[in-house]
Amino acid sequence: MAGRALEAALSHFDATVDFDRQAFSSTSILVGMDEVGRGPLAGPLVAVCLVLSSPPPLLPFLRDSKKLSPAERESLVPRIKAVASHVGFGIVEAEEFGGETNLHHLTFLAMSRALESAELPKSCSLLVDGKFPLPSWSGPQRAVIKGDDTSLRIAAASILAKVYRDALMTEACRTYPQYGFSRNVGYGTEEHRRAILDHGPCPLHRRNFIRTLVSNQGKL
């Protein structure tokens, strides 16, 4: 069983490496980009971009962060950071939600902030998870649907983003234990929704996301 799992993991790893290699015709440095936290009722939206060493390091169990357990994700973080020459984190705080900028463009904002913080070398090409390219990026880029399970670099970025955001929400649970942030990391579970109605929102709640919940509280 273990042998078959490793074989499958290595096959998937090879496929993600091949995808990255074939993504651009040039030999420019590849940057992987992903985000986490578009849908929660509370907490930040976090984007991460990174550059991995070349040739790509052997990370056979690296894949979409949602398909890994918390322990598996956390074990990958130091291995990814050890082979990443550049890493950038971009955060859009909960208080930035609900203004004139919609969720789609807040995602772009988090990604742009990640790129600014990464201090990337020149001649980079961007692989970004999702349907849409990043408007602020002037270099070559490619939007990749389900990129976190297709591209090695996007998968690595997804792991760092997920673990970083989960840690922030676990820490926030110490200040606001009534919402169960260490369990739901801000997502709208039944427990979390009930806690908002019982205790009201805290500063980490996205006011525009919970407005409908509060107005429809009788439907819970």
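Here, every reference points to the structure presented above.
Worth saying up front: this structure is predicted, and the values here are computed from it rather than measured.

1. Section: the pattern of salt bridges
Then step 1. Applying the stated rule across the entire model yields ten salt bridges.
Then step 2. Taking the shortest distance from any N to any O, the salt bridge between Lys66 and Asp148 comes out at 3.3 Å. Of the two residues, Lys66 is situated in the loop between strand E2 (45-52) and helix H2 (70-82) and Asp148 in the loop between strand E5 (141-144) and helix H4 (152-175); the sequence distance between them amounts to 82 residues.
Then step 3. By relative accessible area, which is 64% here, Lys66 ends up exposed.
Then step 4. Residues joined in a network through salt bridges with shared partners are Arg63, Lys67 and Asp149.

2. As for the packing of aromatic side chains
Then step 1. The tally for this structure, following the rule as stated, stands at three aromatic pairs.
Then step 2. Considering the side-chain rings of Tyr179 and Phe181, the 5.4 Å spacing of their centres and the 20 degrees angle between planes classify their relative orientation as stacked. Both residues of the pair, Tyr179 and Phe181, belong to the buried class.
Then step 3. A cation sits over an aromatic face here: Arg206 above Phe97, 4.0 Å from the ring centre.
Then step 4. Above the plane of the ring of Phe209 lies Arg206, whose end atom (NZ or CZ) is 5.1 Å from the centre.

3. Remarks on the pairing of strand E1 (residues 29-36)
Then step 1. The element E1 is largely enclosed, with a buried count of seven among its eight residues.
Then step 2. Note that E1 and strand E4 (residues 124-129) share five bridges and pair parallel. Note that in E4 the partner of Met33 across the bridge is Val128.
Then step 3. Where E1 and E2 come together, five bridges link them in antiparallel fashion. Paired with Glu35 across the strands is Ala47, a residue of E2.

4. Overview of the layout of surface pockets
Then step 1. Of the pockets and cavities examined, the largest pocket occupies roughly 600 Å³.
Then step 2. Along the wall of the largest pocket there are 26 residues; nearest its centre are Asp34, Glu35, Arg38, Asp129 and Gly130.
Then step 3. Elements with a contribution of two residues or more to the lining of the largest pocket: E1, helix H3 (103-118), E4 and H4.
Then step 4. When residues of the lining of the largest pocket are assigned to their parent elements, the largest contribution, four residues, is made by H3.
Then step 5. Its residues assigned to classes, the lining of the largest pocket shows seven nonpolar, seven polar and twelve charged.
Then step 6. By volume, the second largest pocket is sized at about 330 Å³.
Then step 7. Around the second largest pocket, the lining is made up of 16 residues, and of these Thr27, Ser28, Leu30, Ser54 and Arg153 lie nearest the centre.
Then step 8. Elements that contribute at least two residues to the lining of the second largest pocket include exactly helix H1 (2-22), E1 and E2.

Rules of the game
Residues numbered from 1 in each chain as written. Predicted model: local features only at pLDDT ≥ 70, side-chain atom pairs only at ≥ 80, totals over all residues. Heavy atoms only, no water. Salt bridge = Lys/Arg side-chain N within 4 Å of Asp/Glu carboxyl O. Helix = DSSP H or I, 4+ residues; strand = E, 2+ residues; numbered from the N terminus. Buried < 20%, exposed > 50% of the residue type's maximum accessible area, 1.4 Å probe, protein only. Phe/Tyr/Trp six-rings, centres within 6.5 Å; stacked < 30°, edge-to-face > 60°. Lys NZ or Arg CZ within 6 Å of the ring centre and 35° of its normal. Pairing = 2+ DSSP bridges. 1 Å grid on protein atoms, 1.4 Å probe; cavity = no way out; pocket = protein on both sides within 12 Å on 5 of 7 lines; lining within 4 Å. Points joined across faces, edges and corners; volume = space filled by probe spheres on them. Nonpolar A, V, L, I, M, F, W, Y, C, P; charged D, E, K, R; others polar.

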